Structures are given as C-alpha cells and as structure tokens.
Amino acid sequence: MNSATEIEIQRWSRGLRVAPILWLTVAAVLTMALLLWLRGANFYQLPLTERVDHSDYDLLSPSRPVGRIYGGVGLALMLLNLSYLLRRRFAHWPLGHMRLWLDSHVVTGLTATLFVAFHSAFQLRSPVAMVTAATLGVTVATGVVGRFFYALVPRSESELRARLADLEGLVPGLRQSLNEGLSKRPSEAAAGSGLWRVIRMLPRWRREASVRRALVLTSFQARAQDAAPLTREHAGPLAREVATLAAREVYAVAARELLRAWRPWHRLSALIMVSGVLLHVGVALFYGYGWDFAS
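Residues numbered from 1 in each chain as written. Predicted model: local features only at pLDDT ≥ 70, side-chain atom pairs only at ≥ 80, totals over all residues. Heavy atoms only, no water.

1. What to know about the overall build of the chain
Across its full length, the chain holds 12 helices and zero strands. Beginning at the N terminus, the succession of helices and strands in the chain can be written as α-α-α-α-α-α-α-α-α-α-α-α. Here the chain, with 295 residues, has 39% of them falling under the buried criterion. Restricting to contacts in the chain with at least 6 residues of sequence separation, those with at least 24 account for 75%. (Helix = DSSP H or I, 4+ residues; strand = E, 2+ residues; numbered from the N terminus. Buried < 20%, exposed > 50% of the residue type's maximum accessible area, 1.4 Å probe, protein only. Contact = heavy atoms within 4.5 Å.)

Next up, the structure:
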C-alpha cells in the first residue's frame, strides 16, 4: 500500500469516526438485542401458524405486552432520529457539534430498525407492515450511504495550502508554479441539479483528479532536479501528499455534490416511512391494540 493510499484511508477513517459514548451505546443495544433474540429464538423461528401454541405467544407477539414495548421504543427512537432535521434547520444555534448529531442520527436510526424488527416478531403480516418495513430499509440504506458521502467531505480547506508552504521550504519556487498550474485546473465544477446528472459527472471528476495529481508530481520532479539528493529524499513524500491533497479537492467537490443530490431521496424515503408508521399505529389503535398491557 503506497503512502498516498494510506493518507486517504486515514482521512476517511477520521470522517467515519463516531464518539466513544455512541460506540458504547451501540454495543449495549446489540448486546441486549442478542440476549432478547436468545430469549425468544424458539418463538421467532416458528412459522406464523405455529406461534399461537407457543408459550411465548402471549408475551412476544406484536399485539402483546413485550411486542408493544418494542414497537413503542422503536417509534420513540424514530421521532428522536428526526430531531437531526431540526438541528440542521437551526445549525447556527449552540446545540452541540453537527457531527455528533449526525452520528446520533445514524445510531438512533439503526437502533429503531432493530426494535421494529423485534416488534414485528420478524414477520410481515399486512401490506402496511410490508410497505413500512421496505421504506424503513430504504431509509436506513440511504442514510448509511449519505453518512459515507459526508465522511468524504473534508472538514478543513486549508490543508493543501499548508502542505504547499512546507514543500516550498524544501523546493523554493515550487508553490508559485503549482498554484499557477492548479488554478488552471479548478477543483470546482458545476454539476447541475439531480442525482443522475451528478453521477454522470463522476468520470469527469475522476479524470480531473488524476490530472491534478500528475501536475503536482511533474512540477515537483522538474523543480527538484537541481536540489540536493537529501532534499529530494525528504521532499518526495511531502510532494506525494500534496498531489493526493490536490486530487482530493476534486473528490471533495464530488462528495459534496453527491451528498446534496442524495439528501432529497433520503428525506423522501423517511417521509414515506413515517407516514407508514403512523398509518400502522392508526390501524392498530382502530382495531383495539392500545397501550394497556393487561391483554
């Protein structure tokens, strides 16, 4: 694995990093889910027609006490998950870092899905449940993909300039040459609106990134020919990092455009999912499946 690839992996991993408390929360939820599955595995693995005679039917069935609790927890987590939209709407308010809110958004979404699965007892017995489950799956999938796009967008735009300044100290005159060359190969590119148009732009962005990377390396080799061997040895890894950063500016533009075009689809699936959940709750209440746990 070359140094440029290692640099990219390190940056992506930093973007995907989740606060330790959230990892602990996820670990606790998954542990609880495993214990609950082990507790009711014999019931959950039975065909629907045979569950009525099982001893856990009056406890774990969706319309029974524990099944209702699972549904209530899943619904509460879904509503909590939607608070991220309000946080984005009031991004200027001092309510915590947006990345923490986004990580919480992902975690609550995944955890809500888990509880909904236990609420359904891993069976879909009505068209409403099927549509709700399908839209929930699409919402989770589009959310995970969107989180990946978010990780590709750099949090700082000054890293390339800082590395160019460091390289200038080793190879004088290189920064001006690179600035002139890179200004002729701008990282910004108008993609237009719509996910399909952004996807069509991806090959162009990839070519532009390759050109920028090659431009940096070629300029360095031309300027460093007259430098001392020790200087070239020290400047080489830094030049490769600058080349990676120059290319990454293009990838950052692509990631931002993808994220901008992807969000409407995620929001649409979330809207359909919430509508399906409310319809599901309404149908349950209409047929008398309330929240009294006496039955």
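From this point, the discussion proceeds with the structure in view.
2. Focus on helix H5 (residues 65-81)
Residues that lie three or four places apart on an α-helix share one face, since the helix turns once every 3.6 residues. Between its first and last C-alpha, H5 extends 24 Å over 17 residues, near the 24 Å set by a 1.5 Å rise per residue. Residues of H5 that are buried include every one of Pro65, Gly67, Arg68, Tyr70, Gly71, Gly74, Leu77, Met78 and Asn81, and no others. (Expected span 1.5 Å × (residues − 1).)

3. Considerations on the pattern of salt bridges
Tallied over the full model, the rule gives seven salt bridges. Here Arg64 makes a salt bridge to Asp58, at a shortest N to O gap of 3.9 Å. A salt bridge links Glu249 to Arg161; the nearest nitrogen and oxygen atoms lie 3.6 Å apart. One end of the pair, Glu249, is in helix H12 (residues 229-286); the other, Arg161, is in helix H9 (residues 159-170), with 88 residues separating them in the sequence. Overlapping salt bridges, with partners in common, bring together Arg161, Arg212 and Glu249 in one network. (Salt bridge = Lys/Arg side-chain N within 4 Å of Asp/Glu carboxyl O.)

4. A look at the packing of aromatic side chains
For the structure shown, the criterion picks out eight aromatic pairs. Pairing Tyr44 with Phe122 gives two aromatic rings, centres 5.1 Å apart and planes at 75°, and the pair type is edge-to-face. With Tyr44 in helix H2 (residues 20-44) and Phe122 in the loop between helix H7 (98-119) and helix H8 (127-152), the pair connects residues that are 78 residues apart, well separated along the chain. On the accessibility criterion, Tyr44 (5% relative accessible area) is buried. Here the aromatic residues Trp37, Phe43, Tyr44, Tyr70, Phe115, Phe118 and Phe122 are joined through ring pairs into a cluster of three or more. (Phe/Tyr/Trp six-rings, centres within 6.5 Å; stacked < 30°, edge-to-face > 60°.)

5. Considerations on the side chain of Thr139
The topology assignment puts Thr139 in helix H8. When its relative accessible area of 9% is taken as the criterion, Thr139 is described as buried. Each residue touching Thr139, except ones within four places of it in the same chain, is listed here: His266, Ser269, Ala270 and Met273.

6. Observations concerning the packing of helix H11 (residues 195-223) against H12
As a packed pair, H11 and H12 sit with axes 9 Å apart at the nearest point and diverge in direction by 170°. In terms of their interaxial angle, H11 and H12 are classed as roughly antiparallel. Of the residues belonging to the contact of H11 with H12, the class tally is 22 nonpolar, one polar and eight charged. (Axes fitted to C-alpha atoms, helices over the stretch in contact; angles between N-to-C directions. Parallel < 35°, antiparallel > 145°, perpendicular 65-115°, else oblique. Nonpolar A, V, L, I, M, F, W, Y, C, P; charged D, E, K, R; others polar.)

7. Quick notes on the environment of Leu79
Within the secondary structure, Leu79 is located in helix H5. With relative accessibility at 54%, the residue Leu79 sits in the exposed group. Once the C-alpha coordinates of Leu79 and Val274 are considered, the two residues, 195 residues apart in sequence, prove to be 8.9 Å apart.

8. What about the confidence of the model for the chain?
Overall, the prediction assigns the chain a mean pLDDT of 78, with 84% of residues at 70 or greater. Put simply, helix H1 (residues 3-15) is where the chain has its lowest mean pLDDT, 50, and helix H4 (residues 57-60) is where it has its highest, 90. (pLDDT = per-residue confidence, 0-100.)

9. Observations regarding a nonpolar patch on the surface
Residues Val131, Trp265, Leu268, Leu271 and Ile272 make up a contiguous nonpolar surface patch of roughly 500 Å² in combined accessible area. Looking at which element gives the most residues to the nonpolar patch, the answer is H12, with four residues. With respect to the helices and strands, Val131 occurs in helix H8. We classify Val131 as partly exposed; its relative accessible area is 48%. (Patch = residues over 30% accessible without salt bridge, like charges linked within 9 Å, V, L, I, M, F, W, Y side chains within 5 Å. Areas by Shrake-Rupley, 256 points an atom, 1.4 Å probe, with all protein chains shown as cover.)

10. Observations regarding unusual backbone geometry
In the Ramachandran plot, Ala121 falls in the positive-phi region, its phi being about 55° despite a non-glycine side chain. Tracing the backbone shows Ala121 in the loop between H7 and H8.

11. As for the packing of helix H10 (residues 174-183) against H11
Look at H10 against H11: their axes get within 10 Å of each other, and the N-to-C directions meet at 150°. As the angle between them shows, H10 and H11 are arranged roughly antiparallel. In this structure, the crossing between H10 and H11 has a hand that is right-handed. For the pair H10 and H11, contact is made by Leu174, Ser177, Leu178, Gly181 and Leu182 and by Arg212, Leu215, Val216, Ser219, Phe220 and Arg223, respectively. (Left-handed = near helix turned anticlockwise from the far one by under 90°.)

12. Here's the deal with the environment of Leu178
Relative to the helices and strands, Leu178 resides in helix H10. For Leu178, a relative accessible area of 0% puts it in the buried group. Put simply, Leu178 and Leu215 are 37 residues apart on the chain and 7.8 Å apart in space, counted from C-alpha to C-alpha.

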